[in-house]
Protein chains: 2
Amino acid sequence: MKAIILSVGDELALGQTVDTNSAWLSRQLSAVGVDVVAHATVRDDQPAIERAIRDAAARCDLLLISGGIGPTDDDLTRQALAAVLHEPLEPSQPWLEHLQEFFQKLDRPMPPRNRVQAMIPRGAVMMFNHAGTAAGIDVVFQSGDLKSSCRIFAMPGVPAEMKAMFAAAVLPQVSAAGGGAAIVSRTLHTFGLGESAVNDRLGALMDRARNPLVGTTVSNGMVSVRVTARFPSVDQASAELEQTSESVRAALGELVWGQDEQTLPQVLAELMQQPGRRVTVATAESCTGGLLAKLLTDRAGSSAHFHTGWVTYSNAAKHDRLGISENLINVYGAVSEQVVEAMAANARRLANAAYALAISGIAGPGGGSATKPVGTVCIALAERVPGEKQNSVVQKRTFLFPGDREMVRERSATMALTMLRFRLLDKPLPF
Amino acid sequence: MKAIILSVGDELALGQTVDTNSAWLSRQLSAVGVDVVAHATVRDDQPAIERAIRDAAARCDLLLISGGIGPTDDDLTRQALAAVLHEPLEPSQPWLEHLQEFFQKLDRPMPPRNRVQAMIPRGAVMMFNHAGTAAGIDVVFQSGDLKSSCRIFAMPGVPAEMKAMFAAAVLPQVSAAGGGAAIVSRTLHTFGLGESAVNDRLGALMDRARNPLVGTTVSNGMVSVRVTARFPSVDQASAELEQTSESVRAALGELVWGQDEQTLPQVLAELMQQPGRRVTVATAESCTGGLLAKLLTDRAGSSAHFHTGWVTYSNAAKHDRLGISENLINVYGAVSEQVVEAMAANARRLANAAYALAISGIAGPGGGSATKPVGTVCIALAERVPGEKQNSVVQKRTFLFPGDREMVRERSATMALTMLRFRLLDKPLPF
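What you see is a predicted model, and the numbers here were worked out from it, not measured in a lab.

(A) Geometry of the overall build of chain A. In terms of helices and strands, chain A carries 14 helices and 17 strands. Reported as C-alpha extents along the three principal axes, the dimensions of chain A are approximately 85 × 60 × 45 Å. Counting the 431 residues in chain A, one finds 55% classified as buried. The contacts in chain A between residues at least 6 apart in sequence include a share of 66% that link residues at least 24 apart. Summed over all atoms, the accessible surface of chain A reaches about 17500 Å², with 50% contributed by carbon and sulfur.

Right under this line is the structure:
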């Protein structure tokens, strides 16, 4: 099955927004054996959208459209689709009712212009939007001579809405119709080593002629290893994928913290909530300014392992909130293993948590010195001494992270999570 | 002048790499008055590249191609271009010599496969690559009836090489041929009203035939208004942009918090640091889990206005850290205006800050009830009573935010920042 992905929007064609939807959709389609042959992007211009739909439909079996179904006058995808199909736009009653309920709950009247978001071409199927107000459209376009047809799915441009709609309404249909060769892939995530060090460990697994193919990508300091298997059957592809994934895990050991959609905070939460363990962690942050606590509470149910965090950005706050003596800060500096050790120990004791993580660093761009350049970050992990409420054992480390302020902050928080992960695995940090 | 941007590469069509070249090129072309009407992406497949070139050339005056001119067998752009032009590929002597020198300097023989990177269609002009081994191609494609022509520039896909070549060899040609038309744009950011409400306020400004053109986009609950002016001269375009931007600001008032690359925390930081004001804000967060503090410390220099934040995720933490009585929580619930009022007042007093923001809400997906559904968020802003250290005036509000956990948390933090912004502007919240 051949597919084309069409993105609609002035902001995309003019380059004000980078289109990430098309790449995401391509990966999803490839994973179920659909062959994406092209992407196209057009502006919010009805004749251009119509031509793009006609051109694409003539060349593929599956056309995914994202964008142009918002409530405003520059959203023209549904009108273009109706014109190409030679069908009138009609309201989808279920979606109209859903919209009315939605606005009722918000306790405001439905703006008249939202009504257009329930319009779909006659004969089309409405796709439910679990994250927004625009209904999607699922329709078959037949060529004039009736010799060929193209299934068209029109989705919102907002990535979260598009992804939810794709997963719920498009993927099941496409998978069922897929047949043929199967491409399956898995991504294993690591943190702590650079891309070339990871490549060195993978060695011959990285051979470009290999099937399953193994490649690495880097994002926010995380090196991810993508394994892609392409075989005649899903069973064979899955079995081969499994085997190569095991080889990758064997080469990288505990550096692999998770796979695919898993996040490090989520993996950590599961470790903390293991039966018989059920521990909590407190946080004391300086340069990360709350990012570590934010990551620890990204998922629902975080209250099982996280109760208390401090953001002590100034020295006075470190003293007033966590009892860090001015003398300690004066002697060693706010960015020092001595200070983060005290922050972690005191935060753990005050919060009465099993663990506490403390971070203090120089995120930049200013504030660096010869001995503590920008990117210098001290992290401490305090742990309750068994049977003693007050006392902690603390491990501490100093890192030098590359990158800009945002990257240094992200890597600092990720490293703190990583230190706790290795502690819970009862393994030393492997770097 | 109308332009189309064509990207060539399996990694792009299959979604393994997000195409950032097209957006970058669009912005460069828009800045010199070229109208980018579409992007297209095709795989490393010669017939597909040929068709894409023919299709695009028939619809525009300028076609920029990136990708497919590397040294390997799957690099087929130059072959496709030669086929479309009906011209043979011939080596560019200057580039061949350059390549040989290049490899001599590296002290290794030139791999035979690199020779293809010096091949260009007969009659085309070679474009120098200052950052790699592939020569670019500059050529005019004439339609069969000679009635129209399209200038084609083929560049490398590696962003650094493409950008250097574009700046050196493409931009000067395009600017000269542009005929002076200039497109300038600006984006004004708002928060607090939905897209349709913003559209209603903008009214006739949203007319699709208008120049400057006004359009809206939504990201993370922020509605942004983009104004694009297209006029013969940069001066005129800038003046018209200014005038329409003023009309947009007049229609939206203080809802507009900033423009272009500005961020809300940055705008807020500037307000807090105005001469003669220099105030600080403390934070007390429940459902946002540190996100508000993180936003307030995103930029360097945050220590001027932010010293202390609490993440009191559990009821016990609210009691132990901020002195919120168990009784208050039992009577009104942790998500209540009474509790956030106390959190804000106590946080402000403990941190001795001019202001404090407190957030408590139900971010979901679980935890909702009939009276407090998921998305219910209470936010309070405490302010020092002039001349009194201990006492605060507190304003508080309850919101119902749509979306998933992440969206609810982002909107909550953004709304807290917005409440402080309006307070510093000495204006009531306009919603």
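Now, onward.
(B) The interface of chain A and chain B, seen in detail. Every contact between the two is made by 66 residues of chain A and, on the other side, 68 residues of chain B. Surface buried jointly by chain A and chain B totals about 5300 Å² across both partners, of which 51% is contributed by carbon and sulfur atoms. Run the count over chain A and chain B and you get five salt bridges. Note that D35 of chain A and R43 of chain B form a salt bridge whose closest N and O atoms lie 2.4 Å from each other. Tallying contributions element by element places strand 2 (residues 35-42) of chain A first for the side of chain A that touches chain B, with eight residues.

(C) The arrangement of the environment of L25 of chain A in detail. Residues and elements named next belong to chain A. Topologically, L25 is positioned in helix 2 (residues 21-31). The exposure class of L25 is buried, given its relative accessible area of 0%. Between the C-alpha atoms of L25 and G203, which are 178 residues apart in sequence, the distance is 31 Å.

(D) View of the pairing of strand 8 (residues 149-155) of chain B. Residues and elements named next belong to chain B. Counting buried positions over the seven residues of strand 8 gives five, a clear majority of the element. When strand 3 (residues 62-66) meets strand 8, the two strands line up parallel, connected through five bridges. Within strand 8, the position partnered with I65 by the bridge is A154. Where strand 7 (residues 136-142) meets strand 8, six bridges bridge the pair, whose relative direction is antiparallel. Counted as the bridge partner of V140 is R151 from strand 8. Between strand 7 and strand 8, which pair antiparallel one after the other, the connecting turn spans six residues, and L146 there sits at a positive phi close to 60°.

(E) The pattern of salt bridges, seen in detail. Applying the stated criterion across every chain, the model contains 26 salt bridges over all chains. Here the salt bridges share partners, and the residues they tie into one network are D10 and R43 of chain A together with D35 and R230 of chain B.

(F) Fine view of a positive patch on the surface. A contiguous patch of positive charge, built from K2 and R59 of chain A together with R51 and R54 of chain B, is present on the exposed surface. For R54 of chain B, the position within the fold is in helix 3 (residues 46-59). On the basis of relative accessibility, which here comes to 39%, the residue R54 of chain B falls in the partly exposed class.

(G) Focus on the sheet that holds strand 15 (residues 355-361) of chain B. Reading across the sheet, the ten strands line up as 17(A)-16(A)-15(A)-13(A)-14(A)-14(B)-13(B)-15(B)-16(B)-17(B) and stay open at both edges, with mixed pairing between neighbours. Here the strands that pair on one side only, and so sit at the sheet edges, are strand 17 (392-400) of chain A together with strand 17 (392-400) of chain B. Mean inter-strand twist for the sheet, computed between neighbouring axes without regard to direction, equals 10°.

(H) Structural detail: the packing of helix 3 of chain B against helix 4 (residues 77-85) of chain B. Residue and element names in this part refer to chain B. The N-to-C vectors of helix 3 and helix 4 enclose an angle of 55°; their axes lie 9 Å apart at closest approach. It follows from the interaxial angle that helix 3 and helix 4 lie oblique. For the element pair helix 3 and helix 4, the recorded crossing hand is right-handed. For the pair helix 3 and helix 4, contact is made by Q46, I49, E50, I53 and R54 and by T77, Q79, A80, L81, A83 and V84, respectively. Its residues assigned to classes, the contact of helix 3 with helix 4 comprises six nonpolar, three polar and two charged.

(I) View of the packing of helix 11 (residues 315-322) of chain B against helix 13 (residues 337-351) of chain B. Residues and elements named next belong to chain B. The interhelical angle for the contact between helix 11 and helix 13, taken along N-to-C directions, is 35°, at an axis separation of 10 Å. Regarding helix 11 and helix 13, the two cross each other, and that crossing is left-handed. On helix 13, the residues touching K318, R321 and L322 of helix 11 are V339, M343, N346, A347 and L350.

(J) Geometry of the side chain of D74 of chain A. Note on placement: D74 of chain A falls in the loop between strand 3 (62-66) and helix 4 (77-85). At 2.4 Å, the side chain of D74 of chain A and the side chain of T72 of chain A are in polar contact. Ignoring any residue separated from it by four or fewer positions in sequence, one finds D74 of chain A in contact with D44 of chain A together with R208, G215 and T216 of chain B.

(K) Summary view of helix 3 (residues 46-59) of chain A. Helix length check: helix 3 of chain A, at 14 residues, gives a terminal C-alpha distance of 20 Å against a target of 20 Å (1.5 Å per residue), a fit within 8%. Where the residues of helix 3 of chain A are buried, they touch strand 1 (2-8), strand 2, strand 3, helix 4, strand 7 (136-142) and strand 8 (149-155) of chain A.

(L) Inspection of the nonpolar core at higher detail. In this structure, I53, L63 and I152 of chain A together with I53, L63 and I152 of chain B are the most contacted members of the largest nonpolar core, which totals 56 residues. Those residues in contact with I152 of chain B that lie beyond four places of it in its chain are I53, L63, I65, L81, I137, D138, V139 and F141 of chain B. In this structure, A344, A345 and A380 of chain A together with I329 of chain B belong to the second largest nonpolar core, which totals 48 residues.

(M) The arrangement of the confidence of the model for chain A in detail. Across chain A, pLDDT averages 92, with 99% of residues at or above 70. This prediction of the complex comes with two scores: 0.75 for pTM and 0.74 for ipTM.

(N) Region of interest: the sheet that holds strand 10 (residues 213-219) of chain B. All names here are of chain B. Reading across the sheet, the four strands line up as 10-11-9-12 and stay open at both edges, with antiparallel pairing between neighbours. Each edge of the open sheet carries a strand with a single partner, namely strand 10 and strand 12 (256-259). Taking each pair of neighbouring strands and ignoring which way they run, the sheet shows an average axis angle of 25°. By the bridge criterion, three bridges tie strand 9 (residues 182-191) to strand 12 in an arrangement that is antiparallel. What sits directly across from L188, in strand 12, is Q259.

(O) Spatial organisation of helix 5 (residues 93-105) of chain A. All names here are of chain A. Here helix 5 is 13 residues long and its end C-alpha atoms lie 18 Å apart, about the 18 Å a rise of 1.5 Å per residue gives. Residues of helix 5 that are buried sit in contact with strand 4 (89-91) and strand 6 (125-127). Immediately beyond the C-terminal end of helix 5, within one or two residues, lies D107, with a positive phi of roughly 65°.

(P) Here's a closer look at the packing of aromatic side chains. As enumerated under the stated definition, the model contains ten aromatic pairs over all chains in all. Plain terms: the ring middles of F306 of chain A and Y313 of chain B are 6.0 Å apart, the flat faces sit at 70° to each other, and that makes the pair edge-to-face. Taken as a pair, F306 of chain A in strand 14 (residues 306-312) and Y313 of chain B in the loop between strand 14 (306-312) and helix 11 lie in two separate chains rather than in one. Taking relative accessible area as the criterion, F306 of chain A reaches 0% and is therefore assigned buried. In this structure, R421 of chain A is placed above the aromatic ring of F422 of chain A, and the distance from its NZ or CZ to the ring centre is 5.0 Å.

(Q) Main features of the side chain of R409 of chain B. With respect to the helices and strands, the residue R409 of chain B is situated in helix 14 (residues 405-424). R409 of chain B sits in the buried class, given a relative accessible area of 2%. The contacts of R409 of chain B, once residues within four sequence positions are left out, are K294, T297 and D298 of chain A together with C287, T288, G289, L291 and A363 of chain B.

Calculation notes
- Residues numbered from 1 in each chain as written.
- Chains lettered and ligands numbered in written order.
- Predicted model: local features only at pLDDT ≥ 70, side-chain atom pairs only at ≥ 80, totals over all residues.
- Heavy atoms only, no water.
- Helix = DSSP H or I, 4+ residues; strand = E, 2+ residues; numbered from the N terminus.
- Buried < 20%, exposed > 50% of the residue type's maximum accessible area, 1.4 Å probe, protein only.
- Contact = heavy atoms within 4.5 Å.
- Areas by Shrake-Rupley, 256 points an atom, 1.4 Å probe, with all protein chains shown as cover.
- Buried area = accessible area lost by both parts, 1.4 Å probe.
- Salt bridge = Lys/Arg side-chain N within 4 Å of Asp/Glu carboxyl O.
- Pairing = 2+ DSSP bridges.
- Patch = residues over 30% accessible without salt bridge, like charges linked within 9 Å, V, L, I, M, F, W, Y side chains within 5 Å.
- Lys, Arg positive; Asp, Glu negative; His and termini not counted.
- Charge placed at Lys NZ, Arg CZ, Asp CG, Glu CD.
- Axes fitted to C-alpha atoms, helices over the stretch in contact; angles between N-to-C directions.
- Parallel < 35°, antiparallel > 145°, perpendicular 65-115°, else oblique.
- Left-handed = near helix turned anticlockwise from the far one by under 90°.
- Nonpolar A, V, L, I, M, F, W, Y, C, P; charged D, E, K, R; others polar.
- Polar contact = N/O pair within 3.5 Å; in protein donor to acceptor, adjacent residues only side chain to side chain.
- Expected span 1.5 Å × (residues − 1).
- Core = buried A, V, L, I, M, F, W, Y, C linked by side-chain atoms within 4.5 Å.
- pLDDT = per-residue confidence, 0-100.
- Phe/Tyr/Trp six-rings, centres within 6.5 Å; stacked < 30°, edge-to-face > 60°.
- Lys NZ or Arg CZ within 6 Å of the ring centre and 35° of its normal.

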